[in-house]
Number of protein chains: 2
Amino acid sequence: MSNNRDDDIEWFAEIFKALSNPNRLKIFLRLITCCPPGTIMNIDPDHCEKGCACVGELGQDLEIVPSTLSHHIKELRRAGLIRMQRRGQKVDCFIDPETLKAVKNFFS
Amino acid sequence: MSNNRDDDIEWFAEIFKALSNPNRLKIFLRLITCCPPGTIMNIDPDHCEKGCACVGELGQDLEIVPSTLSHHIKELRRAGLIRMQRRGQKVDCFIDPETLKAVKNFFS
DNA sequence: CGCAAAATTCGATATTTTTCGAAAGTTCAA
DNA sequence: TTGAACTTTCGAAAAATATCGAATTTTGCG
C-alpha cells in the first residue's frame, strides 16, 4: 500500500538516522577518505588518502569501545551506507558508493 | 576545548537527526518546494511551485496532529533547517537557505 | 590442538524520542 | 470584548536508542 515515494522517504530517513549520532558520523567521515578494498593505489596521492580501515582501526582512531563500535557499524550497514569485507581476523569497512550517490542526489 | 571540526560534527549530527524522522523528512520535502516569504512570483512557473506553507497547511497535507506537528517543526528549527514568520494567525515555514547550502556542501 | 587477536552478541540500564490529548497562548474579526 | 482560528506548551506513556562490560564467536598462528 506504500508507493515508491514513501519507500524513498523511509529509506532516506534511515540513512539520516544512521548519520544522526556523532560517533556514527565520525565513523562515516573517517571512512569517506578510504578506498574500497581491491583498489589499485594510484600515483595521484589524492586519489586515495588512506587504505581501507578495519573495525579495530576505527575504534582506535575514534576511541569507541568495541561493543559500542560494533553496534554503530551495524547501524551504518543497515542503512546501506557502508559495506564490509573480512580480511583474515580483521574486517574492513568502506562506504557504499551507490548509497553515497543517492544521498548526494537527495540534496539537489 | 572542542575544535571547529568537532563542532561541525555535532551540528551536522543535529541536522541529520532532524531529518531522521519520516514525518520531519516529509515536512522538509514539503517545504523544499516553497519560497521564502516576500518572494516575488516569477513568470517562470518552476521558479516557485507553491507559496509558502503555514503550519496548518503542513498538518493538513501530511496528516499530523497539531501538537505532534508543532514538536517536529521545533526540532527542524532547532537544527537550523527551517525558519518561521508569523503572518496574522498563521505562521509560515520555509527552508533556511544557508543551512541547506551547508548540507549540500557536506556531501561533496 | 590451544592460544591470542579481532569482532560480535548478549544483557542491562539510563536516556531520548515519538506521539497524543488537554490546556493555554495569540491573533484577527465581528 | 468576545469568540473562533491557529499554534504552542504541558504532561504522560510507549517505544527506541546509546552505552558499557561480560561472554561468545571467528580467524590465524605456533
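Model, not experiment: these values are computed from the prediction.

Participant: What should I look at first to understand the protein's contact with DNA strand D in this one?
Facilitator: For DNA strand D, the set of nearby residues contains 23 residues, the closest of which are K17, R24 and H72 of chain A together with G56 and S67 of chain B. Restricting attention to atoms of DNA strand D within 4 Å of the protein, one finds that 68% of them are sugar or phosphate atoms. Within the contact set of DNA strand D, a phosphate oxygen lies 3.1 Å away from a side-chain nitrogen or oxygen of T68 of chain A. In this structure, a phosphate oxygen belonging to DNA strand D sits 2.6 Å away from a side-chain N or O atom of H72 of chain A.

Participant: Is there a simple way to explain the packing of helix α2 (residues 22-32) of chain A against helix α3 (residues 55-62) of chain A in this structure?
Facilitator: Each packed pair of helices is defined by two parameters, the angle between the axes and the distance between the axes. All names here are of chain A. Between α2 and α3, the shortest axis-to-axis distance is 11 Å and the interhelical angle comes to 115°. Note on packing geometry: the crossing formed by α2 with α3 is right-handed. The residues of α3 that touch α2, namely those facing K26, I27, R30 and L31, are E57, L58, D61 and L62.

Participant: Explain the protein's contact with DNA strand C to me, please; I cannot follow it from the model alone.
Facilitator: Every one of the 23 residues lining DNA strand C counts as a neighbour, but G56 and S67 of chain A together with K17, R24 and H72 of chain B are closest to it. When atoms of DNA strand C within 4 Å of the protein are sorted by moiety, sugar and phosphate together comprise 70%. Within the side chain of N21 of chain B, one N or O atom sits 3.4 Å away from a phosphate oxygen of DNA strand C. In this structure, a phosphate oxygen belonging to DNA strand C sits 3.4 Å away from a side-chain N or O atom of N23 of chain B. Of all the elements in the fold, those that place two or more residues in the surface near DNA strand C are α3, α4 (66-78) and β3 (90-95) of chain A together with α2 (22-31) and α4 (66-78) of chain B. The class makeup of the residues in the surface near DNA strand C is six nonpolar, 12 polar and five charged.

Participant: What should I look at first to understand the pattern of salt bridges in this one?
Facilitator: Any two side chains of opposite charge can pair, on the condition that their charged atoms come close. Residue and element names in this part refer to chain A. Applying the stated criterion across every chain, the model contains eight salt bridges over all chains. The partner of E75 in a salt bridge is R78, with the nearest N and O atoms 3.3 Å apart. A residue pair is termed a helical-turn pair when its members lie 3 or 4 positions apart in one helix, as E75 and R78 do in helix α4 at three residues.

Participant: Whenever I open this one, the interface of chain B and chain A confuses me. Can you help?
Facilitator: With 21 residues of chain B at the contact, the number on the chain A side is 21 residues. The interface formed by chain B and chain A holds zero salt bridges in total. The interface formed by chain B and chain A holds zero residue pairs in polar contact (both at pLDDT 80 or more) in total. Elements with a contribution of two residues or more to the side of chain B that touches chain A: α1 (4-18), α2 and α5 (97-106) of chain B. For the side of chain B that touches chain A, the element with the highest residue contribution is α1 of chain B, accounting for seven residues.

Participant: What's the story with α2 of chain B in this structure? I'm lost.
Facilitator: Turn by turn, an α-helix covers 3.6 residues, leaving residues three or four places apart pointing in a common direction. Turning to α2 of chain B, its buried residues are R24, L25, I27, F28, R30 and L31 of chain B. With a side-chain oxygen positioned 2.8 Å from the backbone nitrogen of N23 of chain B, the residue opening α2 of chain B is N21 of chain B.

Participant: I tried to follow the side chain of S20 of chain A on my own but got confused; where do I start?
Facilitator: Looking at the element boundaries, S20 of chain A is found in the loop between α1 (4-18) and α2. The class for S20 of chain A is buried, based on a relative accessible area of 11%. In terms of polar contacts, S20 of chain A uses its side chain to reach the backbone carbonyl oxygen of K17 of chain A, at 2.7 Å. In contact with S20 of chain A, not counting residues within four places along its chain, are A13, F16 and K17 of chain B.

Participant: How should I be thinking about the environment of R24 of chain A in this particular structure?
Facilitator: Residue and element names in this part refer to chain A. Relative to the helices and strands, R24 resides in helix α2. Of the residues examined, R24 reaches a relative accessible area of 9% and is grouped as buried. Here the alpha-carbon distance between R24 and E75, two residues 51 residues apart in the chain, equals 8.4 Å. Those residues in contact with R24 that lie beyond four places of it in its chain are K17, A18, H71, H72, E75 and L76. A distance of 2.8 Å separates the side chain of R24 from the backbone oxygen of A18, its partner in a polar contact.

The rules behind each value
Residues numbered from 1 in each chain as written. Chains lettered and ligands numbered in written order. Predicted model: local features only at pLDDT ≥ 70, side-chain atom pairs only at ≥ 80, totals over all residues. Heavy atoms only, no water. Near = heavy atom within 4 Å. Polar contact = N/O pair within 3.5 Å; in protein donor to acceptor, adjacent residues only side chain to side chain. Axes fitted to C-alpha atoms, helices over the stretch in contact; angles between N-to-C directions. Helix = DSSP H or I, 4+ residues; strand = E, 2+ residues; numbered from the N terminus. Left-handed = near helix turned anticlockwise from the far one by under 90°. Contact = heavy atoms within 4.5 Å. Nonpolar A, V, L, I, M, F, W, Y, C, P; charged D, E, K, R; others polar. Salt bridge = Lys/Arg side-chain N within 4 Å of Asp/Glu carboxyl O. Buried < 20%, exposed > 50% of the residue type's maximum accessible area, 1.4 Å probe, protein only.

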